[in-house]
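Breakdown of the fold
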Amino acid sequence: MQMALWIASGLLAFAMVGAGGFKLATPRVKLMERMKWATAWSDGNVKLLGLAEVLGGIGVVVPHLTGILPVLTPIAAVCLVVLMAGAVKTHVELKEPVAPPAILALLGVFVALGRFGVV
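Let me begin by describing the structure that accompanies this report. No experiment lies behind these values; they were computed from the predicted model shown.

1. Looking at the overall build of the chain
When helices and strands are tallied, the chain shows six helices and zero strands. Scanning the chain from its N terminus toward the C terminus, one meets helices and strands in the order α-α-α-α-α-α. Whereas a compact globule of 119 residues would reach a radius of gyration of roughly 14 Å, the chain reaches 14 Å, a difference of no more than 12%. Referenced to the eigenvectors of the C-alpha coordinate spread, the extents of the chain come out at roughly 40 × 25 × 15 Å. Looking at the chain residue by residue over its 119 residues, the buried ones come to 36%. Intrachain contacts of the chain at a sequence separation of at least 6 include 61% that bridge at least 24 residues. Carbon and sulfur atoms provide 77% of the accessible area of the chain, an area that totals close to 6700 Å². Side chains of the chain carry 9 positive and 5 negative charges; the gap between the two charge centres is 3 Å.

This is the structure in structure tokens:
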């Protein structure tokens, strides 16, 4: 089970740090070409979302890996589930594929339950 949790945490972290880093590094004007939702968001909100994704991605690995406040790992996973639930809602409204954020949300649920000791 621990191996499965580490794999899920790593995949979730990789995806979230990558997506969030992309949002942080790319001007909103460029993002609007590929992401319809960015047209309705301010520059600051897009950057804040990117920062939340990067920090959440770090949070699902680093606390448990280092043993420093490991309770932050499942909390970060829950926060990412909330973010991905919002992403699913947005993709549904824009009639875009919902599989990527839905899969990330499910990974987050698995990590949260596993690290809280429920699974």
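2. Re the environment of alanine 77
Relative to the assigned elements, alanine 77 resides in helix α5 (residues 72–93). You can call alanine 77 buried: its relative accessible area is 0%. Considering only alpha carbons, one finds alanine 77 and alanine 25, 52 residues apart in sequence, at a separation of 23 Å.

3. Quick word on the pattern of salt bridges
Counted according to the given criterion, the structure contains three salt bridges. Ionic pairing is found between arginine 28 and aspartate 43, a salt bridge with its closest N-O pair at 2.6 Å. Linking arginine 28 in helix α2 (residues 28–34) with aspartate 43 in helix α3 (residues 43–59), this pair joins segments that are 15 residues apart in sequence.

Rules behind the numbers
Residues numbered from 1 in each chain as written. Predicted model: local features only at pLDDT ≥ 70, side-chain atom pairs only at ≥ 80, totals over all residues. Heavy atoms only, no water. Helix = DSSP H or I, 4+ residues; strand = E, 2+ residues; numbered from the N terminus. Rg over C-alpha atoms; globule rule 2.2 N^0.38 Å. Buried < 20%, exposed > 50% of the residue type's maximum accessible area, 1.4 Å probe, protein only. Contact = heavy atoms within 4.5 Å. Areas by Shrake-Rupley, 256 points an atom, 1.4 Å probe, with all protein chains shown as cover. Lys, Arg positive; Asp, Glu negative; His and termini not counted. Charge placed at Lys NZ, Arg CZ, Asp CG, Glu CD. Salt bridge = Lys/Arg side-chain N within 4 Å of Asp/Glu carboxyl O.

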